[in-house]
Amino acid sequence: MTLAILTGGTGGAKLVEGLSHEAAPEELAIICNTGDDVVLHGLHISPDLDTIAYTLAGIVDKEKGWGVAGDTFSALELLGKYGEENWFKLGDRDLARHIARTRMLREGATLAEATARLSAALGISSQLLPMSNDRVETRVKTPEGEISFQEYFVKRRWAVDVSGVVYKDAEKSRPAPGVMDWIHGAAAVIVCPSNPVTSIGPILSVPGIRKALKGTRKPVIAVSPIIAGAPVAGPTDKLMAAVGVEPSVFGVAKNYADFLDILVLAPEDRNWRTRIEAVGVQTVEQPIRMNDLEDKRRLARELLALL
Ligand code: GDP
Ligand code: FO1
């Protein structure tokens, strides 16, 4: 069954891993957020694409959920000595990917082409697609001014007030080649349990994508990243509240209600079901906390069975 999967990095990667075991990998198109991308040391870094690629290639650092397993940080240490910024922990093995991608982009490849070449090199048979080849930058509004997502998330450890989030240059962007075809042609669309504001929000901000999700006659199904009023990890609730979305499973449903058919939520949130169904979204109750590979595979199997 062909699936178009919308995802961010670490949370989404858990479900992507499960699906890659339970479905034929070549039938999966993974449409990834690039609003978190950042240029550091002159290198183009695409954290969410890389997290998904490392996960599919089986080389992700399982403890952190990002980066390459067993990586070392010697280059970064020396960069620090030379007075370069080193708050963003780029491992030695991870750096190889940023160097290769940056060269490809400098020589004229699009981000989608560079991603496809890097995927082939790692033996990935799913389609891994950036949401767009154009730069759409997630910017976080704070009392000190507007900062990039990585400055907010990594440099400031999300310990700063947020008054809003913008997707800079989204209006000028176009979906990457393949994105619309997969959304229209797949047997179903899956929205991963990713941050609705800074992972799925940027994807939906690319003109045409939200409309395609509304327009497809195939099921669109999301897994909630919020369980019992809190995210499993990270600042999802803070960011939802900052953009005026209720930080609950209901807020997730309402945010996607215009295109979403089914929301899979945790048993802890069953009391929200009536309110969610009243905004036109069906609900399904399942354990959605994924602590190990078996949890990821079980949830993937449940989603496939639903479809
Ligand atoms: P990021 O790009 O690294 O921020 O990753 P995502 O946006 O893909 O994922 C972040 C979200 O994943 C957070 O809102 C978490 O609550 C959610 N998340 C993490 N682990 C789990 C899990 O096991 N189950 C569910 N349902 N959500 C999870
Ligand atoms: N997350 C951190 O919390 N600290 C880091 O230093 C860090 C470095 C990093 C390097 C490469 C990469 O692909 C991801 C990295 N991440 C780091 C994770 C990243 O900030 C987040 O997963 C996403 O951008 C959130 O969407």
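Everything below is about the structure shown above.
What counts, and at which threshold
Residues numbered from 1 in each chain as written. Chains lettered and ligands numbered in written order. Predicted model: local features only at pLDDT ≥ 70, side-chain atom pairs only at ≥ 80, totals over all residues. Heavy atoms only, no water. Near = heavy atom within 4 Å. Polar contact = N/O pair within 3.5 Å; in protein donor to acceptor, adjacent residues only side chain to side chain. Areas by Shrake-Rupley, 256 points an atom, 1.4 Å probe, with all protein chains shown as cover. Helix = DSSP H or I, 4+ residues; strand = E, 2+ residues; numbered from the N terminus. Nonpolar A, V, L, I, M, F, W, Y, C, P; charged D, E, K, R; others polar. Pairing = 2+ DSSP bridges. Axes fitted to C-alpha atoms, helices over the stretch in contact; angles between N-to-C directions. Buried < 20%, exposed > 50% of the residue type's maximum accessible area, 1.4 Å probe, protein only. Contact = heavy atoms within 4.5 Å. Salt bridge = Lys/Arg side-chain N within 4 Å of Asp/Glu carboxyl O.

Draft legend 1. Layout of the site of ligand 2. In the vicinity of ligand 2 there are 15 residues, among which D36, D48, K89, Q150 and R157 approach most closely. Measuring from an oxygen atom of ligand 2, one finds a side-chain N or O atom of D36 at 2.3 Å. A distance of 2.9 Å separates an oxygen atom of ligand 2 from a polar atom in the backbone of K89. With the chains in place, 94% of the 530 Å² that ligand 2 exposes on its own is no longer accessible. Going through the elements one at a time, α2 (47-56) and α6 (149-155) are the ones with two or more residues in the shell around ligand 2.

Draft legend 2. Local environment of the site of ligand 1. Looking at ligand 1, there are 20 residues lining it, with T10, S194, S199, P225 and T236 nearest. One nitrogen or oxygen atom from the side chain of T236 is found 2.5 Å from an oxygen atom belonging to ligand 1. Within the backbone of I288, a nitrogen or oxygen atom sits 2.7 Å from a nitrogen atom of ligand 1. Considering ligand 1 on its own, with 600 Å² of exposed area, one finds that the protein chains cover 94% of that surface. Here the element with the most residues in the shell around ligand 1 is helix α1 (residues 10-22); it accounts for 4 residues. Looking at side-chain class alone, the shell around ligand 1 contains 7 nonpolar, 10 polar and 3 charged residues.

Draft legend 3. Expanded view of the sheet that holds strand β9 (residues 188-191). Across the sheet, 7 strands lie side by side as β5-β2-β1-β9-β10-β13-β14; this open sheet has parallel pairing. With partners counted over all chains shown, the strands left at the sheet margins are β5 (127-130) and β14 (282-285), one partner each. Each strand of the sheet is rotated relative to its neighbour by a mean of 20°, with strand direction disregarded. Strand direction decides the pairing type here: strand β13 (residues 262-265) and β14, joined by 4 bridges, are parallel. Counted as the bridge partner of V264 is V284 from β14.

Draft legend 4. Representation of the side chain of D50 in the model. Of note, D50 is situated in helix α2. The exposure class assigned to D50 is buried, which follows from its relative accessible area of 3%. With sequence-adjacent residues up to four places away left out, D50 is seen in contact with D94, R97, H98 and R101.

Draft legend 5. Structural detail: the pattern of salt bridges. All told, the structure shown has 21 salt bridges when counted by the stated rule. The partner of D50 in a salt bridge is R101, and the shortest N-O contact between them spans 2.8 Å. Within this pair, whereas D50 is found in helix α2, its partner R101 is found in helix α4 (residues 92-106), the two being separated by 51 residues in sequence. Between K155 and E85 there is a salt bridge; the shortest N-O distance is 3.8 Å.

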